[in-house]
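Here is how the chains run, residue by residue.
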Amino acid sequence: MKFCFFSLGCKVNRFESEALAQLARARGHEIVSCGADVCIINSCTVTGTSDHKNIRAIHRLRRDNPDAVLAVSGCMAQMEPDKLRATGEVDLVCGTSDRAAVLDLCERYVRNREVGDTARFRAPSRVFEPLPPGVSQGRTRALLKVQDGCDNYCTYCIIPYARGHIRSLPLGQAVEQAVQLAADGVHEVVLTGIEISSYGRDLNGGDDVVALIAAVCRAVPAVRVRLSSLEPRTVDARFCAELSGLPNLMPHFHLSLQSGCDSVLARMKRRYTTAQFLAHVDGLRAAFPDCSITTDLITGFPGETEEEFRETLDFVRACRFADMHVFPYSPRPGTVAADMPGQIPAVDRQARAETVKRIAEKMQRAYLQGFVGRRMTVLWEHIDKEGLWCGHAPYHFIVRTSDAGCRKNGYHDAEIIGVQGGTLRARLTN
């Protein structure tokens, strides 16, 4: 059979889609981009906007694959199965549990055009479902999912209900998968999960995310290791002391801020203050000089006053982020925040987001300018539309060069000669 996979949302969804594609290949199926017998959409539901994107993707895939079996898995499938079925274009709704069984259901549906009660709705699992790590041929970077679920229950977020309680891939298995990826030729592994800071809390061995990071880095010393989003409280003194000496841990830390005002953070049910957050940022910079610290921020959260927004602007400037993902608040039905008083008009939420983005662009440029004239090792990955080689230094940003001599998935030292947009321009050095 011919299978098509389409993923929306976070890195975890991407990992799961790639894992299912790998399982499908192992069964002898062909992976295609169109003309499929089966289309599997891995959906996101973090905001109301996400749901609209899912529906648009369903319409597009049905249009391009009119005779295919169309299955939707993931978070929207878990939270809004009836809404998906109401489109009249979805054959199977599979949720967030037992992802590998999705292939069984699809194969059965192709054969029989029915699946009986095996497609019934399931609650989120309480056990980590191991899926095979893998990477497409020629790819530089691979995702390694080490954790699922979330127990934070922030007032704006539906994901704990869609994904269930935290559960972790045992440390030994995580190391084994990283070693396998290294053997497969992967140069960079990204440790990811729904909330990787909670890694290990469900395990009996006492392992936590610091132990996990250290074990993976030491097991694959020739492979770069990156981290997905971290809860700010994770990057404490122990985190810095135990991990700063690992040469293959990339100095990029994404700390999810969401607001730079303590009263808004309290309404969001975030578990830190701005003072604590800034202390963690300072600790990271002391332990990892020149590290890239990035963040997420929501503007126009219910009840956010002009004064509270100004506090956020001042705090953002104080943190000097290397990059920011800024989102206007998007009400998600089913969350506490969606029913809070003081909902901000959409136009004002967007205007505040644009204000923060302008500040973020200035901070990013100042951060990047600090690398001009310096040398760094770049992992070159591909040639872009302008014919320039693109790759990543240890930091999160892209480095580009017009010099010949690069090779795909190869390392080469480069001198930074300028800043162009959100990227660095470089020339190769001997």
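Our subject is the structure that appears above.
None of these values were measured; they are calculated from a predicted model.

For the rest of this paragraph, the subject is the packing of helix H12 (residues 306–319) against helix H13 (residues 346–369). Following both chains from N to C, one finds H12 and H13 inclined at 15 degrees, their axes separated by 10 Å at the closest point. Comparing their axes, H13 and H12 come out roughly parallel. The crossing of H12 and H13 is right-handed. Together, Glu306, Phe309, Leu313, Val316 and Arg317 of H12 and Arg352, Thr355, Val356, Ile359 and Met363 of H13 make up the contact between the two elements.

This part takes up empty space enclosed by the protein. All told, the structure shown has three cavities of 30 Å³ or more when counted by the stated rule. Taken as a whole, the second largest cavity holds about 70 Å³ of empty space. For the second largest cavity, the lining is made up of twelve residues, of which Thr96, Glu129, Lys145, Asp148 and Arg167 are closest to its centre. Looking at side-chain class alone, the lining of the second largest cavity contains two nonpolar, three polar and seven charged residues.

With that settled, the discussion passes to the side chain of Glu16. Looking at where Glu16 falls in the secondary structure, it is placed in helix H1 (residues 11–26). With residues near it in sequence (within four places) discarded, Glu16 still touches Asn42, Arg99, Leu131, Lys145, Asp148 and Arg163.

So, about the layout of surface pockets. The space that makes up the second largest pocket amounts to roughly 240 Å³. Surrounding the second largest pocket, 17 residues form its lining, Arg285, Cys291, Arg320, Ala366 and Tyr367 being those nearest its centre. If you tally residues by element for the lining of the second largest pocket, the top one is H13, at four residues.

Mapped onto the elements, Ala338 comes out in the loop between strand S12 (323–328) and H13. On the accessibility criterion, Ala338 (22% relative accessible area) is partly exposed. Beyond its immediate sequence surroundings of up to four residues, Ala338 is in contact with Tyr329, Arg332, Pro333 and Gln343.

What follows is about the sheet that holds strand S15 (residues 398–401). Within the closed barrel, the five strands sit side by side as S13-S14-S15-S17-S16. Their pairing is mixed. Put simply, the sheet's adjacent strands are angled 55 degrees from each other on average, direction ignored.

Along the polypeptide, Glu231 turns up in the loop between strand S9 (224–227) and helix H9 (237–243). A residue is classified by how much of its surface remains accessible, and Glu231, at 11% relative accessible area, is buried. From its side chain, Glu231 meets the backbone nitrogen of Arg233 in a polar contact 2.7 Å long. If we skip the residues at most four places from it in the chain, Glu231 touches Glu195, Ser197, Arg271 and Tyr272.

The phi dihedral of Gln258 falls on the positive side, at around 75 degrees, and the residue is not glycine. By secondary structure assignment, the location of Gln258 is in the loop between strand S10 (252–254) and helix H10 (262–268). Note on Gln258: relative accessible area 8%, which makes it buried. The phi dihedral of Arg320 falls on the positive side, at around 55 degrees, and the residue is not glycine.

A few words now on helix H11 (residues 274–287). Taking 1.5 Å per residue as the helical rise, H11 with its 14 residues ought to reach 20 Å, and the 20 Å between its terminal C-alpha atoms agrees with that figure. Residues Thr274, Phe277, His280, Val281, Leu284 and Arg285 constitute the buried set of H11. One face of H11 carries all of its buried residues, which in axial projection span an arc of 135 degrees. Facing away from the buried side of H11 by over 90 degrees, the exposed positions are Ala275 and Ala286. Close packing links the buried residues of H11 with H9, S10, H10, strand S11 (292–299) and H12.

With that out of the way, let us pick up the pairing of strand S13 (residues 375–383). Where S13 lies against strand S16 (residues 410–420), six bridges are found, and the strand directions are antiparallel. Across the sheet, the residue bridging to Leu379 is Tyr411, located in S16. Where S13 and strand S14 (residues 389–392) come together, four bridges link them in antiparallel fashion. Bridged to His382 within S14 is Cys390. Once S13 ends, the chain turns through five residues before running back antiparallel as S14, passing Gly387 with a positive phi of about 80 degrees.

Moving on: the sheet that holds S10. In a beta sheet, neighbouring strands are held together by backbone hydrogen bonds and run either parallel or antiparallel to one another. Ordered in space as S10-S11-S12, the three strands form an open sheet in which the pairing is parallel. Sheet topology places S10 and S12 at the edges, where each strand pairs with a single neighbour. With strand direction ignored, the average angle separating the axes of adjacent strands in the sheet is 15 degrees. Here S10 pairs with S11 via three bridges, running parallel. Counterpart to Phe253 in the pairing with S11 is Ile293. Sheet strands touched by H13: S11 and S12. Its angle to S12, the strand with the most contacts, is close to 175 degrees.

What follows covers H1. Between the first and last C-alpha of H1 there are 23 Å, a value that for 16 residues agrees with the 22 Å anticipated at 1.5 Å per step. Of all the residues in H1, the buried ones are Val12, Asn13, Phe15, Glu16, Ser17, Ala19, Leu20, Ala21 and Ala24. Within two residues after H1, Gly28 carries a phi angle of roughly 95 degrees, on the positive side.

Right, let's talk about the packing of helix H7 (residues 171–183) against helix H8 (residues 209–219) for a bit. Taken N-terminus to C-terminus, the directions of H7 and H8 make an angle of 35 degrees; their axes are 9 Å apart at the nearest point. Here H7 runs over H8; the crossing is right-handed. Contacts between H7 and H8 involve Leu171, Ala174, Val175, Ala178 and Val179 on the former and, on the latter, Ala211, Leu212, Ala215, Val216 and Ala219. Here the residues of the contact of H7 with H8 are counted per class, giving ten nonpolar, no polar and no charged.

Reading guide: rules and limits
- Residues numbered from 1 in each chain as written.
- Predicted model: local features only at pLDDT ≥ 70, side-chain atom pairs only at ≥ 80, totals over all residues.
- Heavy atoms only, no water.
- Axes fitted to C-alpha atoms, helices over the stretch in contact; angles between N-to-C directions.
- Helix = DSSP H or I, 4+ residues; strand = E, 2+ residues; numbered from the N terminus.
- Parallel < 35°, antiparallel > 145°, perpendicular 65-115°, else oblique.
- Left-handed = near helix turned anticlockwise from the far one by under 90°.
- Contact = heavy atoms within 4.5 Å.
- 1 Å grid on protein atoms, 1.4 Å probe; cavity = no way out; pocket = protein on both sides within 12 Å on 5 of 7 lines; lining within 4 Å.
- Points joined across faces, edges and corners; volume = space filled by probe spheres on them.
- Nonpolar A, V, L, I, M, F, W, Y, C, P; charged D, E, K, R; others polar.
- Buried < 20%, exposed > 50% of the residue type's maximum accessible area, 1.4 Å probe, protein only.
- Pairing = 2+ DSSP bridges.
- Polar contact = N/O pair within 3.5 Å; in protein donor to acceptor, adjacent residues only side chain to side chain.
- Expected span 1.5 Å × (residues − 1).
- Arc of directions from axis to C-beta.

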